[in-house]
Amino acid sequence: MFSVIIPTFNNLEYLKLCLNSLKKNSNFDHEILVFINDGSDGTLEFVKENKVKFLHSIKNLGLCYAVNRCAEIAKQKYIVYAHDDMYFCPGWDLEFLNEIRKHKHNKDFFLSGTMIQPFESFINLDCGKSIQDFNEQKLLNNFSSIKFNDFQGTTWAPSLIPVKTWKKVNGFSEEYTYGLGSDPDFNMKLWQIGTRLFKGLGNCRVYHFGSLSLRKKVWNDGHKIFLLKWRISIKFFRKYYMRADTIFDGELTSPNKNFIFFLDLIKCQLKYYYLKIIKFGSK
C-alpha cells in the first residue's frame with residue numbers, strides 16, 4: 001500500500017516499538033524501509049534477523065540523506081515518512097487511504113497525521129515520556145476518544161506524499177542534514193511547484209515521544225538555513241502561506257498581503273541581510 005520510510009540512529013528499542021505498532025495496527029501491508037545510521041547498538045543485526053528492508057551507513061549521514069536514499073528505492077505510489085520514536089495508532093493507514101481517495105485527481109498534495117505527545121502539543125495525552133514508562137494500553141483505550149480537527153498547512157510527520165510529487169522537488173534538501181528546518185523547506189518547495197493542499201488529518205494518529213530519533217545531540221540551524229535560502233523565516237512561511245495549525249477549510253490560496261504581512265516581511269528581510277552581510281559576509 002504505502003512505502004513507510006523510517007530513518008534511525010542507534011535507537012533500537014524505539015524502532016522495535018515503531019515497527020511492532022505498524023505490524024499490529026495497520027489495515028494493509030506496507031513496504032517498510034529503514035535507513036540505519038551507524039547501527040552499532042544492535043539495530044543492524046535486528047533488521048537483518050527480522051528481514052526488514054534497510055539501507056545502512058557506518059556513520060550518521062543525517063535525516064535528510066537517509067530519507068532521500070530510501071525514497072529512491074520505494075516501490076509504492078505513496079511515501080509515508082515517519083520517526084523511529086513514533087507508535088502508529090490503529091486505523092492510521094485507513095485514514096490516509098480515505099483521504100487519498102478524495103483527492104485522487106489532485107496531482108500534488110501533502111498529508112500528515114496528528115501527533116499525540118506527553119506534553120502540550122496537538123493532542124496532549126501522557127502515556128509515557130520514554131519507552132521505559134510507555135503505557136500502551138492507556139493509549140489504545142483513549143486515543144480515539146479525543147476530538148481533534150483536521151488542520152491546515154501541516155509540515156509535520158508522519159507525512160504522506162505521492163512519489164511523483166516527491167521526485168518533482170527532489171525530496172528533502174540535504175543542506176539541512178540532521179533535519180531541523182527540512183520539513184518547512186520541503187513544503188516551500190511544494191508551494192513553488194503549485195501545491196496547495198497541505199492537510200493534517202485529525203484522526204490519523206501516532207504517539208510521539210519527542211525528538212528522540214535521529215538528531216540526538218547533533219543539530220543544524222534550520223531557521224538560519226531557511227532564511228538565507230528563501231529570504232523569509234519559517235515562522236513567516238507557516239503563518240502567511242501555510243496558515244499552519246488552523247482548522248482545515250480547503251486548499252490554500254495566496255496569502256493576504258495586508259499591512260501586517262508587509263511589516264513582518266520587512267522584519268524577515270532585515271534578518272536576512274544581517275545574516276547574509278554582517279554575520280556571514282557578502283558571499
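Here the structure is shown first, and the text comes after it.
The shown structure was predicted, so the numbers you read here are calculated from the model rather than taken from an experiment.

Brief notes about the overall build of the protein
Line of reasoning, step 1. Helices and strands together make up the secondary structure of the protein, namely ten helices and ten strands.
Line of reasoning, step 2. Taken over the C-alpha atoms alone, the protein extends approximately 55 × 40 × 35 Å along its principal axes.
Line of reasoning, step 3. Counting only residues that meet the buried cut, the protein has 57% of its 283 residues in that class.
Line of reasoning, step 4. Within the protein, contacts between residues at least 6 apart in sequence are counted, and of these 78% link residues at least 24 apart.
Line of reasoning, step 5. With the model as given, the accessible surface of the protein reaches about 13,400 Å², and the carbon-plus-sulfur share is 54%.
Line of reasoning, step 6. Charged side chains of the protein number 40 positive and 28 negative; the gap between the two group centres comes to 6 Å.

Here we look at the pairing of strand β2 (residues 31-37)
Line of reasoning, step 1. Among the seven residues of β2, seven are classified as buried, and the element is accordingly described as predominantly covered.
Line of reasoning, step 2. Side chains E31, L33, F35 and N37 of β2 all project onto a buried face; the interleaved residues I32, V34 and I36 project onto the opposite face, where all are buried too.
Line of reasoning, step 3. In terms of strand pairing, strand β1 (residues 3-9) meets β2 through seven bridges, oriented parallel. Across the sheet, P7 pairs through a bridge with F35, a residue of β2.
Line of reasoning, step 4. Note on the crossover from β1 through helix α1 (residues 12-25) to β2: the handedness is right-handed.

What about helix α4 (residues 92-102)?
Line of reasoning, step 1. Restricting attention to buried positions, one finds in α4 the residues W92, D93, F96, L97, E99 and I100. Taken down its axis, α4 places every buried residue within 165° of arc, on the same side. For α4, the exposed residues lying more than 90 degrees away from the buried face are R101 and K102.

Looking at the side chain of R205
Line of reasoning, step 1. For R205, the location among the structural elements is in strand β10 (residues 198-208).
Line of reasoning, step 2. Among buried charged residues, R205 stands out as having no salt bridge; its nearest opposite-charge side chain is D150, 8.0 Å away.
Line of reasoning, step 3. Separated by 2.7 Å, the side chain of R205 and the backbone oxygen of I146 make a polar contact.
Line of reasoning, step 4. Residue contacts for R205: discarding those within four places in its chain leaves Y87, F88, C89, W92, T114, I116, I123, F143, S144, I146, K147 and F148.

Things to note about the packing of aromatic side chains
Line of reasoning, step 1. Across all of its chains, the model carries 31 aromatic pairs by this definition.
Line of reasoning, step 2. Residues Y207 and F209 carry aromatic rings whose centres are separated by 5.2 Å and whose planes lie at 80° to one another, so their mutual orientation is edge-to-face. Pair check on accessibility: Y207 and F209 agree, each one buried.
Line of reasoning, step 3. Here the aromatic residues W191, F226, F236, F237, Y240, Y241, F261 and F262 are joined through ring pairs into a cluster of three or more.
Line of reasoning, step 4. In this structure, R69 is placed above the aromatic ring of Y65, and the distance from its NZ or CZ to the ring centre is 4.5 Å.
Line of reasoning, step 5. Sitting above the plane of the W191 ring, R196 keeps its charged end 3.6 Å from the centroid.

Scoring rules and cut-offs
- Residues numbered from 1 in each chain as written.
- Predicted model: local features only at pLDDT ≥ 70, side-chain atom pairs only at ≥ 80, totals over all residues.
- Heavy atoms only, no water.
- Helix = DSSP H or I, 4+ residues; strand = E, 2+ residues; numbered from the N terminus.
- Buried < 20%, exposed > 50% of the residue type's maximum accessible area, 1.4 Å probe, protein only.
- Contact = heavy atoms within 4.5 Å.
- Areas by Shrake-Rupley, 256 points an atom, 1.4 Å probe, with all protein chains shown as cover.
- Lys, Arg positive; Asp, Glu negative; His and termini not counted.
- Charge placed at Lys NZ, Arg CZ, Asp CG, Glu CD.
- Pairing = 2+ DSSP bridges.
- Right-handed = clockwise from strand over helix to strand, strands pointing away.
- Arc of directions from axis to C-beta.
- Salt bridge = Lys/Arg side-chain N within 4 Å of Asp/Glu carboxyl O.
- Polar contact = N/O pair within 3.5 Å; in protein donor to acceptor, adjacent residues only side chain to side chain.
- Phe/Tyr/Trp six-rings, centres within 6.5 Å; stacked < 30°, edge-to-face > 60°.
- Lys NZ or Arg CZ within 6 Å of the ring centre and 35° of its normal.

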